[in-house]
Amino acid sequence: MTKFAPKTLAASTALAALTLGMLALQPAQAASVSIYGIIDTGFNYTHTDADQKGVDAEDSFSEKSSQMIPTRFGLRGSEDLGNGWGVSFLLENMSSSDDGSMIGGRLFHRAAEVTISGPYGKLTMGRSGLLRSGFGTTGIWAGKLNPFSNSWGSYIAGSKFVMPGDFRSADNTVTYATPTFAGLQLHAQYSMKVDSVTANVKDLEENSPETDRVWSLGAMYTQGNLHVKAVLDSILYGNKVPSNTLGKDLDDSLAFSLGGAYDFGAAKLYASGMVFEGMTGAKFQGHDFGAVSSINKDASYKGYSLQLGVDVPVGAGTIKANIGRMDAKADQVFTAGADIDDPDRIALGLGYTHALSKRTTLYTGAGWLKDTSNVVEGAKPTATELVAGMVHRF
């Protein structure tokens, strides 16, 4: 007969009790796992003019992926733990359907997160979309506040081509969302290290002043046809991140964004705005005209952005239009004695989507934008873009 030491017996008893407890919960449990994806492939024509002496205008025509919606595939699953509690996960990559390449050097670029939810809200951990993004389950800004979501193509302006900031996923992130009360839900988020993979920053210590971190607060309100969102966030710049070592300690960024949409039936109107400070030049997207940038990287900036947009249903399709304006001033200059002018941007977008089925959509769009460059005095670079393609969901 085998003899058990007291500790072994206690551990065996605890394991047996835990097993019986799990079996008792079994009737309340229901688990599911599914695979899904989006493929967006089409054609693109772009004309850019840097408006600089000795720099020729450039024209390109190509096949491109992810012009309307980023191409991706993912796995998601959930389990009902009973009594209002549940666990879910999301693993979502990002890839190019025109050449099959993986975006960002990660298997799961958009999200790799696990969530526990219950009567008191939900807590999500892992690589997650920042509140300002539309990534994963935690990016709340994106689609419902602009007819072009965060953007189409390279120059058809949605939020991220008019508003500076991190419209992306971040590593080492914790996000809490409250239950919804009378249409209102609150969010709080913190990334301990935005990037743990890229070679020149992966060895920096997590949750330390060495590396970039982000905190965000958000709110969503939905009542009938009205949808309103707000995000307050800050990038805590790391003092050992190579792109931040500009000879001067960086002041952390701070930005507040507010947007809303109302569906009148015959048309859906969108409006959004942002005030910001401490945004480095690297946080302004879509400001490259060929090989020339219109934003001086030797400064951080403060300013504002505004957008107005509309969706108009027409049969099985939707006409989309958007206008955006960004105005900024140098906030913190990193090069002693540098005289940095004020950059600004005006952007226009027009598009059309046509549903062939619940899963397949055709799209076409055109965008034009014009900057006041603060790299070359007097330069006003412009870009024109035409896109057309198809999106299929599975």
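Everything here concerns the structure above.
On a predicted model such as this, the values are computed, not experimentally measured, just so you know. (Residues numbered from 1 in each chain as written. Predicted model: local features only at pLDDT ≥ 70, side-chain atom pairs only at ≥ 80, totals over all residues. Heavy atoms only, no water.)

### Describing the overall build of the protein chain
Rules: Secondary structure elements are defined from DSSP: runs of H or I of at least 4 residues count as helices, runs of E of at least 2 residues count as strands, and each element is numbered from the N terminus. For a compact globule the rule gives 2.2 Å times the number of residues to the power 0.38, and the radius of gyration it is set against comes from C-alpha atoms. For every residue, the accessible area obtained with a 1.4 Å probe (protein chains only) is divided by the maximum for its type, and the residue is called buried under 20%, exposed over 50%, and partly exposed between those limits. In what follows, residue pairs with any heavy atoms lying within 4.5 Å of each other are defined as contacts.
What the protein chain contains, in helices and strands, is one helix and 21 strands. Relative to the compact-globule value of 21 Å for 394 residues, the protein chain shows a C-alpha radius of gyration of 24 Å, a close match. Oriented by its inertia axes, the alpha-carbon framework of the protein chain measures out at about 95 × 55 × 45 Å. Counting all 394 residues of the protein chain, 44% fall into the buried class. Intrachain contacts of the protein chain at a sequence separation of at least 6 include 61% that bridge at least 24 residues.

### So, the environment of glycine 121
With respect to the element layout, glycine 121 can be found in strand β6 (residues 121–129). In this structure, the C-alpha to C-alpha distance between glycine 121 and proline 164, residues 43 residues apart in sequence, is 30 Å.

### What about the layout of surface pockets?
Put simply, the rule is: Think of a 1 Å grid over just the protein atoms. A cavity is a set of points where a 1.4 Å probe fits yet cannot get out, a pocket is an open set with protein on both sides within 12 Å along at least five of seven lines, and lining residues have an atom within 4 Å of a point. Grid points are joined across faces, edges and corners, and a volume is the space filled by probe spheres set on the points.
Within this model, the second largest pocket holds a volume of roughly 170 Å³. Lining the second largest pocket we find 14 residues, and of these Phe284, Gln285, Gly286, His287 and Asp288 sit closest to its centre.

### Some remarks on empty space enclosed by the protein
Threshold: Basically, the charged four are Asp, Glu, Lys and Arg, the nonpolar ten are Ala, Val, Leu, Ile, Met, Phe, Trp, Tyr, Cys and Pro, and anything else, Gly included, counts as polar.
Applying the stated criterion to the full structure yields one cavity of 30 Å³ or more. Its volume calculated, the largest cavity comes out at about 70 Å³. The wall of the largest cavity is formed by Leu130, Leu131, Arg132, Gly165, Asp166, Val214, Ser216, Asp233, Ser234, Ile235, Ser253 and Met279. Elements with a contribution of two residues or more to the lining of the largest cavity: β11 (213–223) and β12 (226–236). Per-element accounting of the lining of the largest cavity gives the leading share, three residues, to β12. Residue composition of the lining of the largest cavity, by class: five nonpolar, four polar and three charged.

### Describing the side chain of glutamine 189
Test applied: Contacts described as polar in this section are N or O atom pairs within 3.5 Å, which, within protein, must combine one atom able to donate a hydrogen with one able to accept it, while residues neighboring in sequence count only if both atoms come from side chains.
In this structure, glutamine 189 sits in strand β10 (residues 184–191). Polar contacts involving the side chain of glutamine 189 include one to the main-chain carbonyl oxygen of glycine 129, which spans 3.0 Å. One polar contact links glutamine 189 to threonine 175, side chain to side chain, over a distance of 2.9 Å. Those residues in contact with glutamine 189 that sit more than four places away from it in its chain are Gly129, Leu130, Leu131, Thr138, Thr173, Val174, Thr175, Val214, Trp215 and Ser216.

### Considerations on a negative patch on the surface
Our working rule: Here, patches come from residues exposed beyond 30% relative accessible area and free of salt bridges, joined within 9 Å for like charges and within 5 Å for nonpolar side chains (Val, Leu, Ile, Met, Phe, Trp, Tyr). Only the protein chains shown count as cover for residues, and all accessible areas are computed by the Shrake-Rupley method using a 1.4 Å probe. Counted as salt bridges are all cases of a side-chain nitrogen of Lys or Arg within 4 Å of a carboxyl oxygen of Asp or Glu. Counted as positive: Lys and Arg. Counted as negative: Asp and Glu. His and the chain ends are not counted at all. Charge positions come from single atoms, namely NZ of Lys, CZ of Arg, CG of Asp or CD of Glu.
Where like charges cluster on the molecular surface, the negative patch consists of Asp249, Asp251, Asp252, Glu277 and Asp331. Checked against the element boundaries, aspartate 331 lands in strand β18 (residues 317–333).

### Regarding the nonpolar core
Stated precisely, the cut-off is as follows: Put simply, a nonpolar core is a bunch of buried Ala, Val, Leu, Ile, Met, Phe, Trp, Tyr and Cys residues held in one set by side-chain atoms that sit within 4.5 Å of each other.
Ranked by internal contacts, the top residues of the largest apolar core, which has 35 residues, are Phe276, Met279, Phe284 and Tyr301. Secondary-structure elements contributing two or more residues to this core are β11, β12, β14 (268–280), β17 (299–314) and β18. The greatest single-element share of this core, amounting to three residues, is contributed by β14.

### Re the packing of aromatic side chains
Formally: Any two of the Phe, Tyr and Trp rings considered here, Trp counted by its six-membered ring, make a pair once their centres fall within 6.5 Å; the pair's planes then place it as stacked at under 30 degrees, edge-to-face at over 60, or tilted in between. Whether a charge sits over a ring comes down to the Lys NZ or Arg CZ being within 6 Å of the ring centre and within 35 degrees of the ring normal.
Under the counting rule described, the total for this entry stands at eight aromatic pairs. With a centroid separation of 6.3 Å and 55° between ring planes, the pair formed by tryptophan 85 and tyrosine 120 is classed as tilted. You can see tryptophan 85 sitting in strand β4 (residues 85–92) and its partner tyrosine 120 sitting in the loop between β5 (111–118) and β6, a full 35 residues away along the chain. Using a relative accessible area of 35% as the deciding quantity, one classes tryptophan 85 as partly exposed. For tyrosine 120, a relative accessible area of 61% corresponds to the exposed category. When the centroid spacing of 6.0 Å and the interplanar angle of 75° are considered together, the rings of phenylalanine 276 and phenylalanine 284 count as edge-to-face. Accessibility assignment for this pair places phenylalanine 276 and phenylalanine 284 in one class, buried. Lying over the aromatic face of tyrosine 36, arginine 76 brings its terminal NZ or CZ to 3.9 Å of the ring centre.

### Quick notes on the pattern of salt bridges
Per the counting criterion, the structure on display carries twelve salt bridges. Linking arginine 72 and glutamate 92 is a salt bridge whose minimum nitrogen-to-oxygen distance equals 3.8 Å. With arginine 72 in strand β3 (residues 72–82) and glutamate 92 in strand β4, the pair connects residues that are 20 residues apart, well separated along the chain. In this pair, the class of arginine 72 matches that of glutamate 92, namely buried. The partner of arginine 106 in a salt bridge is aspartate 195, and the shortest N-O contact between them spans 3.1 Å. In this pair, arginine 106 sits in the loop between β4 and β5 while aspartate 195 sits in the loop between β10 and β11, placing the two residues 89 residues apart along the sequence. Assigned by exposure class, arginine 106 and aspartate 195 land together as buried.

### A few points about unusual backbone geometry
Even without being a glycine, aspartate 51 presents a positive backbone phi close to 55°. Its relative accessible area of 38% is what places aspartate 51 among the partly exposed residues. Backbone geometry at asparagine 83 places phi at a positive 55°, although glycine is not the residue there. Its place among the elements puts asparagine 83 in the loop between β3 and β4.

So yeah, pure geometry; function would need other evidence.
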